[in-house]
Protein chains: 2
Amino acid sequence: MSPTPAADARLSINQATAQTTAAETFLEACAAGGVRAVAPWRHQYVGGQARTMRRALDQHGLRASSLCRGGFFTGTRPADEAARDNRAAVEEAAELGAPILVLVCGPVTPAGPAVAVDAIRRGIEELLPHAVEHDVTLAVEPFHPMLAAERSAIVTLDQAISLVDAFDHPRLGVAVDTYHVWWDPDILNAIDRSRHRTVAVHVADWLVPTTDLLAGRGLPGDGIVDLSQLLRTLEETGYDGDVEVEVMNPIVWSTPVDEVVADVRTRMRTLLPVQAPG
Amino acid sequence: MSPTPAADARLSINQATAQTTAAETFLEACAAGGVRAVAPWRHQYVGGQARTMRRALDQHGLRASSLCRGGFFTGTRPADEAARDNRAAVEEAAELGAPILVLVCGPVTPAGPAVAVDAIRRGIEELLPHAVEHDVTLAVEPFHPMLAAERSAIVTLDQAISLVDAFDHPRLGVAVDTYHVWWDPDILNAIDRSRHRTVAVHVADWLVPTTDLLAGRGLPGDGIVDLSQLLRTLEETGYDGDVEVEVMNPIVWSTPVDEVVADVRTRMRTLLPVQAPG
């Protein structure tokens, strides 16, 4: 039997890529298809709980690369409810063995971007000790600016780095999603500046034309993003961790999941730098 | 009769706000509704030509604040065709008496953002002497990053300023559209840096939720953008020119145009700084 290529060792598939597939079926397909890691979403656990999801991961020989998601420090829910929910998310990440909890930080509200960023900073400050206690690293994910008013007031990698730099804490980093950041004229420099902060990498492509703000993402290679350049630049900063493919798209969702897994694995073998995980 | 408020003297309505209305009807409604200026689109002239459009503007006592649009230095059409079309756009702006030709610079292509920006720079360099000859100022309009692959590789005001600064030419400036730039964490600083470069201002609001990348824009006040702050900041840089309301939205398009004109005028009276045009 030939050794597993390093690319496979770093590949993770995000559960949102199979959002309409039962979680158990998704895990089966990943395991059977030679994928070693997945990124679960909290509302789609096998058995509805982190404990039962962890058991399913173990049974399939899979590990959790990260957990989606915590955050929403701004928005409509009360701050104490957000804080409680985020503490629970940290505990679930620990239970799943997921080293990373991805933070979708919450939208700009009518009070304005600056007020939102302040609320996000306070929310992280409050959550960080709980993350430390559970050995979970929080990852601030900058979102595409088109989602600023619905998902995240953090819209550029540079802004995420500034936020994280102010804490300068080993349990707080950034998640770089190619789909969210590719358009940034300064992205290669920002990736370089993120050198000691990048703790998670997500991959999706930007389709042309794009007609849906939430579920219009493309499989790697189907869009306009120079994924090879972005991943190589990340590699040059020393990033050697997991690379999660996260493609929200109804056409992908309606494709048999074993075909999606095989397709993703093939596409990523040509894209992923050869370095093994550190 | 009371003097016309300064806000009215600076208000212009972009023809795209009435995209499905006949051009003649749009001009009639603007004139009857107390609006002094409009921003025509090249494919929607009264009579199909700049000459006939100019006559219609004159008959209604209206002036053209700018012309939409030139540009598309990148994309699918051959470079010589783009150059020819852009020279024609400059001539049409002059014929209309429009001091400004708005440039939608053209998308990122598979060759990547840097190649696109180079092509845009060359296109502007080639067009500028023609603009000088016709007393028309070219305005580089940064577009929202969600349109990077379909409309414009220039996606931040800062990027537009850098492009324009490199020419440092009195016939080349930037157009600031609130809809395209509001999300930028650095926007207030960028507006300040644009001090000597801003030659056009467009206004639309960002609706929550937004479900359409092209025609999901909101009337001023209906969305999440702090338009008052952006317009005040522009005013503080010394900008005292026209402010064009440009709202592409099927609901606005299906509203009787005289109602839209009255509504826009009322909304902008509460938003526009009081300073008269310079």
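Residues numbered from 1 in each chain as written. Chains lettered and ligands numbered in written order. Predicted model: local features only at pLDDT ≥ 70, side-chain atom pairs only at ≥ 80, totals over all residues. Heavy atoms only, no water.

1. Details of the pairing of strand S1 (residues 11-14) of chain A
All names here are of chain A.
Here's step 1: Covered by surrounding structure in S1 are Leu11 and Ile13 together with Ser12 and Asn14, the residues of both alternating faces.
Here's step 2: Relative to strand S11 (residues 243-245), S1 runs parallel, the two being bridged by 3 bridges. Of the residues in S11, the one forming a bridge with serine 12 is glutamate 244.
Here's step 3: Relative to strand S2 (residues 37-39), S1 runs parallel, the two sharing 3 bridges. By the bridge assignment for S2, serine 12 is matched with alanine 37.
Here's step 4: With helix H2 (residues 23-32) bridging S1 and its parallel neighbour S2, the resulting β-α-β unit is right-handed. (Buried < 20%, exposed > 50% of the residue type's maximum accessible area, 1.4 Å probe, protein only. Helix = DSSP H or I, 4+ residues; strand = E, 2+ residues; numbered from the N terminus. Pairing = 2+ DSSP bridges. Right-handed = clockwise from strand over helix to strand, strands pointing away.)

2. Focus: the interface of chain B and chain A
Here's step 1: Contacts between the two partners involve 23 residues from chain B, matched on the other side by 23 residues from chain A.
Here's step 2: Across the chain B-chain A interface, the total number found is 0 salt bridges.
Here's step 3: The tally of links between chain B and chain A comes to 2 residue pairs in polar contact (both at pLDDT 80 or more). (Contact = heavy atoms within 4.5 Å. Salt bridge = Lys/Arg side-chain N within 4 Å of Asp/Glu carboxyl O. Polar contact = N/O pair within 3.5 Å; in protein donor to acceptor, adjacent residues only side chain to side chain.)

3. Quick look at the packing of aromatic side chains
Residue and element names in this part refer to chain A.
Here's step 1: Counted under the stated rule, the structure contains 5 aromatic pairs over all chains.
Here's step 2: Taking the centre distance of 5.0 Å and the plane angle of 25° together, the rings of tyrosine 179 and tryptophan 206 count as stacked. Of this pair, tyrosine 179 sits in helix H7 (residues 178-181) while tryptophan 206 sits in strand S9 (residues 205-206); the two residues are 27 residues apart in sequence, bridging distant segments of the chain.
Here's step 3: The class of tryptophan 206 is buried, set by a relative accessible area of 0%.
Here's step 4: One aromatic cluster is present, built from ring pairs that chain together Tyr179, Trp182 and Trp206. (Phe/Tyr/Trp six-rings, centres within 6.5 Å; stacked < 30°, edge-to-face > 60°.)

4. Here's the deal with the side chain of asparagine 14 of chain A
All names here are of chain A.
Here's step 1: Looking at where asparagine 14 falls in the secondary structure, it is placed in strand S1.
Here's step 2: For asparagine 14, a relative accessible area of 0% puts it in the buried group.
Here's step 3: A polar side-chain atom of asparagine 14 sits 2.8 Å from the main-chain amide nitrogen of alanine 16.
Here's step 4: Apart from the residues within four sequence positions on either side, asparagine 14 is in contact with Phe26, Ala39, Trp41, Cys68, Glu244, Val245 and Glu246.

5. Overview of the sheet that holds strand S11 (residues 243-245) of chain B
Residue and element names in this part refer to chain B.
Here's step 1: On the basis of which strands lie adjacent, the open sheet formed by 9 strands has the order S3-S2-S1-S11-S8-S7-S6-S5-S4 and parallel pairing. Two strands in the sheet have a free side with no partner beyond their single neighbour: strand S3 (63-64) and strand S4 (67-71).
Here's step 2: Here helix H11 (residues 257-271) sits on the sheet in contact with strand S1 (11-14), strand S8 (198-203) and S11, set at roughly 140° to S1. (Axes fitted to C-alpha atoms, helices over the stretch in contact; angles between N-to-C directions.)

6. What about the pattern of salt bridges?
Here's step 1: Using the criterion set out here, one finds 34 salt bridges over all chains in the structure.
Here's step 2: The partner of arginine 10 of chain A in a salt bridge is glutamate 235 of chain A, with the nearest N and O atoms 3.2 Å apart. In this pair, arginine 10 of chain A sits in helix H1 (residues 6-10) while glutamate 235 of chain A sits in helix H9 (residues 227-236), placing the two residues 225 residues apart along the sequence.
Here's step 3: Assessed through its relative accessible area of 2%, arginine 10 of chain A is described here as buried.
Here's step 4: For glutamate 235 of chain A, a relative accessible area of 18% corresponds to the buried category.
Here's step 5: Here aspartate 85 of chain B and arginine 42 of chain B are joined by a salt bridge, their closest N and O atoms 3.3 Å apart.

7. A word on the state of the cysteines
Residue and element names in this part refer to chain B.
Here's step 1: What the rule picks out here adds up to 0 disulfides over all chains.
Here's step 2: Cysteine 105 carries a free sulfur, and the closest cysteine sulfur to it, the one in cysteine 68, is 13 Å from it.
Here's step 3: Taking relative accessible area as the criterion, cysteine 105 reaches 0% and is therefore assigned buried. (Disulfide = S-S within 2.5 Å.)

8. Quick notes on the UniProt feature "domain: Xylose isomerase-like TIM barrel" (unreviewed entry) in chain A
Here's step 1: Per the UniProt annotation, the sites labelled "domain: Xylose isomerase-like TIM barrel" (unreviewed entry) are residues 28-251 of chain A.
Here's step 2: Spanning residues 28-251 of chain A, this segment combines 39% helix with 17% strand, and its end C-alpha atoms are found 21 Å apart. (UniProt positions renumbered as here; feature names shortened; annotations may be inferred.)

9. Regarding the relation of the copies chain B and chain A
Between the two copies of the chain lies a rotation about an axis combined with a shift along it.
Here's step 1: Between the two copies, chain B and chain A, the superposition gives an RMSD of 0.0 Å; the rotation angle is 180° and the shift along the axis is 0.0 Å. Taken together, the rotation and translation relating the two chain copies correspond to the operation of a two-fold axis. The position closest to the rotation axis in chain B is occupied by the C-alpha of methionine 146 of chain B, lying 3.1 Å away.
Here's step 2: Here 100% of the interface residues in chain B have copies in chain A that are interface residues too; the copies meet face to matching face. (Least-squares fit on C-alpha atoms with pLDDT ≥ 70 in both.)

10. Re the confidence of the model for chain A
Here's step 1: Summarising the model, chain A shows a mean pLDDT of 95, and 96% of its residues fall at 70 or more.
Here's step 2: Interface predicted TM-score (ipTM) for the complex: 0.93; the corresponding pTM is 0.95. (pLDDT = per-residue confidence, 0-100.)

11. Focus: helix H9 (residues 227-236) of chain B
Here's step 1: All of the buried residues along H9 of chain B are Leu227, Leu230, Leu231, Thr233, Leu234 and Glu235 of chain B.
Here's step 2: A positive phi of about 100° marks glycine 238 of chain B, the residue just after H9 of chain B.

12. A closer look at the sheet that holds strand S6 (residues 137-140) of chain A
All names here are of chain A.
Here's step 1: The sheet built from 9 strands is open, its strands ordered S3-S2-S1-S11-S8-S7-S6-S5-S4 with parallel pairing. Of all the strands in the sheet, the pair left with one neighbour each is strand S3 (63-64) and strand S4 (67-71).
Here's step 2: Sheet topology places strand S5 (residues 100-104) next to S6; 4 bridges connect them, and they run parallel. Within S6, the residue paired with leucine 103 across the bridge is valine 140.
Here's step 3: With respect to the sheet, helix H4 (residues 79-96) is in contact with S3, S4, S5 and S6, its orientation differing from that of S4 by roughly 160°.
Here's step 4: Helix-sheet contacts for H9 involve strand S7 (172-177), strand S8 (198-203) and S11, and the interaxial angle to S8 is about 165°.

13. Topic: the packing of helix H3 (residues 50-59) of chain A against H4 of chain A
Residue and element names in this part refer to chain A.
Here's step 1: Their axes nearest at 8 Å, the elements H3 and H4 cross at an angle of 25°. Taken together, the axes of H3 and H4 lie roughly parallel to each other. Where H3 crosses over H4, the two elements pack in a sense that is right-handed. Note on element contacts: H4 touches H3 through Glu92, Ala94, Glu95 and Leu96, opposite Ala50, Arg51, Met53, Arg54 and Leu57.
Here's step 2: Its residues assigned to classes, the contact of H3 with H4 shows 5 nonpolar, no polar and 4 charged. (Parallel < 35°, antiparallel > 145°, perpendicular 65-115°, else oblique. Left-handed = near helix turned anticlockwise from the far one by under 90°. Nonpolar A, V, L, I, M, F, W, Y, C, P; charged D, E, K, R; others polar.)

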